[in-house]
Amino acid sequence: EDQVTQSPEALRLQEGESSSLNCSYTVSGLRGLFWYRQDPGKGPEFLFTLYSAGEEKEKERLKATLTKKESFLHITAPKPEDSATYLCAARGGSEKLVFGKGTKLTVNP
Amino acid sequence: EPEVTQTPSHQVTQMGQEVILRCVPISNHLYFYWYRQILGQKVEFLVSFYNNEISEKSEIFDDQFSVERPDGSNFTLKIRSTKLEDSAMYFCASSPQGAVAQYFGPGTRLLVL
């Protein structure tokens with residue numbers, strides 16, 4: 001069964017303090033690894049898609065990387081507005097996205 | 001920027017009642033999905049829909065659930081006889097083709113009393 005596990009469950013950072021979120025996956029025939037941002041009471045907002053090991057994508061203070069077993073979301077010099085829950089999802093041989101529980105990030109000013 | 005929209009934003013219903021959740025996917029997208037998120041839990045896949053038929057469904061998507069694309073713009077999820085455990089946030093998503101990102105709507109919060 002396809003599985004996605006994210007760690008840590010929660011992370012508190014000071015503004016400007018860089019860190020990384022982890023997503024480990026067990027998926028048969030990975031056809032995409034996706035990162036989303038979710039604000040409270042809202043739908044997941046698409047950030048990145050990664051398709052193959054070694055691939056990297058960047059957007060502002062965020063960079064996503066992918067290995068054969070894990071993906072990392074690196075946050076450089078975060079700001080309070082980066083506070084949200086970050087979701088990782090994987091797609092294997094079927095239509096569905098399999099989500100992790102997410103990492104709740106809080107960035108204090 | 002095109003967005004997926006969903007109505008209503010909140011729905012309260014009595015156990016055993018039927019509810020219809022509505023979605024307008026992004027206009028040039030071909031694949032449509034429903035997911036749900038019970039409070040504090042993971043986002044879970046319910047069903048995918050392509051070319052006017054269900055392409056995949058999860059074990060959650062039993063005979064009480066149905067989907068329909070009644071016209072060229074709307075995509076609906078019907079729950080025939082709601083149960084307490086159907087209380088959740090329901091998200092519609094769409095994608096332009098199979099193996100690319102799915103774009104989610106803001107969700108409908110369903111509360112079954």
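Residues numbered from 1 in each chain as written. Chains lettered and ligands numbered in written order. Predicted model: local features only at pLDDT ≥ 70, side-chain atom pairs only at ≥ 80, totals over all residues. Heavy atoms only, no water.

A. Layout of the overall build of chain A. Within chain A, the secondary structure is distributed over 0 helices and 11 strands. Counted from the first residue to the last, chain A has its helices and strands arranged as β-β-β-β-β-β-β-β-β-β-β. Projected onto the principal axes, the alpha-carbon positions of chain A cover approximately 40 × 30 × 20 Å. Scored against the burial criterion, the 109 residues of chain A give a buried share of 47%. Contacts in chain A between residues far apart in sequence, at least 24 positions, make up 55% of those at least 6 positions apart. Entry remark: accessible area of chain A is about 5300 Å², with carbon and sulfur atoms responsible for 46%. The positive charge centre, built from 15 side chains, and the negative charge centre, built from 15, are 3 Å apart in chain A. (Helix = DSSP H or I, 4+ residues; strand = E, 2+ residues; numbered from the N terminus. Buried < 20%, exposed > 50% of the residue type's maximum accessible area, 1.4 Å probe, protein only. Contact = heavy atoms within 4.5 Å. Areas by Shrake-Rupley, 256 points an atom, 1.4 Å probe, with all protein chains shown as cover. Lys, Arg positive; Asp, Glu negative; His and termini not counted. Charge placed at Lys NZ, Arg CZ, Asp CG, Glu CD.)

B. Spatial organisation of the pattern of salt bridges. Residues and elements named next belong to chain A. Across all of its chains, the model carries 6 salt bridges over all chains by this definition. A salt bridge links E55 to K57, with the nearest nitrogen and oxygen atoms 3.5 Å apart. In this structure, D82 engages R61 in a salt bridge whose closest nitrogen and oxygen atoms are separated by 2.8 Å. In this pair, D82 sits in the loop between β8 (70-75) and β9 (84-91) while R61 sits in the loop between β6 (56-59) and β7 (62-66), placing the two residues 21 residues apart along the sequence. (Salt bridge = Lys/Arg side-chain N within 4 Å of Asp/Glu carboxyl O.)

C. Molecular detail of the interface of chain A and chain B. Facing the 21 residues of chain A at the interface are 23 residues of chain B. In this assembly, chain A packs against chain B so that about 1700 Å² is buried in total across both faces, 56% of it on carbon and sulfur atoms. Joining chain A to chain B, the criterion identifies 0 salt bridges. Sorting the residues of the side of chain A that touches chain B by element identifies β4 (32-38), β5 (45-50) and β9 of chain A as the ones contributing at least two each. Element by element, the count of residues in the side of chain A that touches chain B is highest for β4(A), at 3 residues. Each residue belonging to the side of chain A that touches chain B can be placed in one class, and the counts come to 9 nonpolar, 6 polar and 6 charged. (Buried area = accessible area lost by both parts, 1.4 Å probe. Nonpolar A, V, L, I, M, F, W, Y, C, P; charged D, E, K, R; others polar.)

D. Summary view of unusual backbone geometry. Residue P8(A) is bonded to the preceding S7(A) through a cis peptide linkage, with omega at -10°. Mapped onto the elements, P8(A) comes out in the loop between β1 (3-7) and β2 (10-14). Backbone torsion omega between T7(B) and P8(B) reads -10°, so that peptide bond is classified as cis. For P8(B), the location among the structural elements is in the loop between β1 (5-7) and β2 (10-13). The backbone of A77(A) shows a phi angle near 45°, a positive value even though the residue is not glycine. Mapping A77(A) onto the fold places it in the loop between β8 and β9. The backbone phi angle of N51(B) is positive, close to 55°, even though this residue is not glycine.

E. Up close: the packing of aromatic side chains. Residues and elements named next belong to chain B. Under the counting rule described, the total for this entry stands at 15 aromatic pairs over all chains. Here the aromatic rings of W34 and F75 are separated by 5.9 Å at their centres, their planes lie at 25°, and the arrangement is stacked. Separated by 41 residues along the polypeptide, W34 in strand β4 (residues 31-37) and F75 in strand β8 (residues 75-79) bring together distant segments of the chain. A relative accessible area of 0% means that W34 is categorised as buried. For F75, a relative accessible area of 0% translates into the label buried. (Phe/Tyr/Trp six-rings, centres within 6.5 Å; stacked < 30°, edge-to-face > 60°.)

F. Examining the sheet that holds β1(B) more closely. Residue and element names in this part refer to chain B. With antiparallel pairing, 4 strands are arranged side by side in an open sheet as β1-β3-β8-β7. Each edge of the sheet is formed by a strand with only one pairing partner; in this case those strands are β1 and β7 (65-68). Shown here is a sheet whose adjacent strand axes are inclined to one another by a mean of 20°, direction ignored. Two elements, β1 and strand β3 (residues 19-24), share 3 bridges in a ladder whose sense is antiparallel. Directly across from T7, in β3, lies its bridge partner R22. (Pairing = 2+ DSSP bridges. Axes fitted to C-alpha atoms, helices over the stretch in contact; angles between N-to-C directions.)

G. Geometry of the sheet that holds β1(A). Residues and elements named next belong to chain A. Ordered in space as β1-β3-β8-β7-β6, the 5 strands form an open sheet in which the pairing is antiparallel. Every interior strand has two partners, whereas the edge strands, β1 and β6, have only one. Each adjacent strand pair in this sheet contributes to an overall mean axis angle of 15°, direction not counted. In this sheet, β7 lies alongside β6 in antiparallel orientation, the contact comprising 4 bridges. Bridged to E58 within β7 is K63.

Geometric descriptors of this kind do not, in isolation, establish any biological role.
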